[in-house]
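# Descriptive structure summary
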Amino acid sequence: DPKIIQKPKYLVAVTGSEKILICEQYLGHNAMYWYRQSAKKPLEFMFSYSYQKLMDNQTASSRFQPQSSKKNHLDLQITALKPDDSATYFCASSQETVISNERLFFGHGTKLSVL
Amino acid sequence: AQKVTQTQTSISVVEKTTVTMDCVYETRDSSYFLFWYKQTASGEIVFLIRQDSYKKENATVGHYSLNFQKPKSSIGLIITATQIEDSAVYFCAMRGPSNTNKVVFGTGTRLQVLP
C-alpha cells in the first residue's frame, strides 16, 4: 500500500484556472515537502514544512500556496495556472531528528498539464 | 547556497559490469549529508544510500557504494554487478544542517544497462 498518497495522479487544467494538489502521508513523519519535476528543471525544491510550519520556500511566485490542515497533510494550491506550470509535482516526507540526516520518501506524483 | 552538479547526462553499460556516476557539490556548511536516489521508468523515486560528511568511511548498501572525496567535494555512486533493472535515472542530493530541511537535487544521470 502506498504510504504517501497524492491525488489526482493526472490533472489537466485550463490557463488561468486554479487547482489543488492533495498529499497525505501515513508514515508518521513530521516533515513534508513539495518538489516539481519538468524537463527544464528536474526535481526542483519548492517548499518544506516541519510540524505544520513552513521551513523553506524556494518558490518565487505567490501563485503557489501550500496548505497544511493536518500534520500528515500538505496540499498545494496553484492559482492563475500557466502552461509553464506543466510538470510533475512530487510530495515527500521525512522524519526529522536532531541529526537531520533522514531520507526522503516520495509519493508517486501528480502530473499537471496546463493547456 | 548549496548546489549539486551531475555532469553525466547518460551512461550505458553492459550488465554485470561496474558503473560509477559522478556528483560534485558546493556548500559552506561544515556538516552536511549526501544522498543518492533512483527514479525508475514508472516515475517512482526511491532512496538508495547516504553519506554523512563527518564520516570518513564510504557508505555501502548492497551493490551500491559511495566514493566520498571530501577535499574534492565529490560523492560518486558505484554500482557493482549491474542488472537490467538498475536502468533508471540516478539523482545526487545534499542537505545542510538542522536549521533547514531543504534537500537539493542534481539534474540526474540516466543509466541504461544493456544485456
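Here, every reference points to the structure presented above.
In this text the structure is predicted, and so the values were computed from the model without any measurement.

The partner chain A presents 24 residues to the 24 residues of chain B that form the contact. Note on chain B versus chain A: buried area summed over both sides is about 1,900 Å², and carbon and sulfur give 54% of it. Contact with chain A buries surface across chain B, with Ile45, Asn101 and Lys102 of chain B losing the most and accounting together for 30% of the total. Viewed at the interface, chain A and chain B are joined by zero salt bridges. At the surface where chain B touches chain A, the tally comes to four residue pairs in polar contact (both at pLDDT 80 or more). Elements represented by at least two residues in the side of chain B that touches chain A include exactly β5 (33-39), β6 (45-52), β10 (88-95) and β11 (103-105) of chain B.

Another point: unusual backbone geometry. Pro8 of chain A follows Lys7 of chain A through a cis peptide bond whose omega is -15 degrees. For Pro8 of chain A, the position within the fold is in the loop between β1 (4-7) and β2 (10-13). A positive phi angle, close to 70 degrees, is found at Gln52 of chain A, a residue other than glycine. Among the secondary structure elements, Gln52 of chain A is positioned in the loop between β5 (44-50) and β6 (53-57). Of note in the backbone geometry, Lys16 of chain B takes a positive phi value of approximately 80 degrees without being a glycine. Its location among the elements puts Lys16 of chain B in the loop between β2 (10-14) and β3 (19-21).

Rules of the game
Residues numbered from 1 in each chain as written. Chains lettered and ligands numbered in written order. Predicted model: local features only at pLDDT ≥ 70, side-chain atom pairs only at ≥ 80, totals over all residues. Heavy atoms only, no water. Contact = heavy atoms within 4.5 Å. Buried area = accessible area lost by both parts, 1.4 Å probe. Salt bridge = Lys/Arg side-chain N within 4 Å of Asp/Glu carboxyl O. Polar contact = N/O pair within 3.5 Å; in protein donor to acceptor, adjacent residues only side chain to side chain. Helix = DSSP H or I, 4+ residues; strand = E, 2+ residues; numbered from the N terminus.

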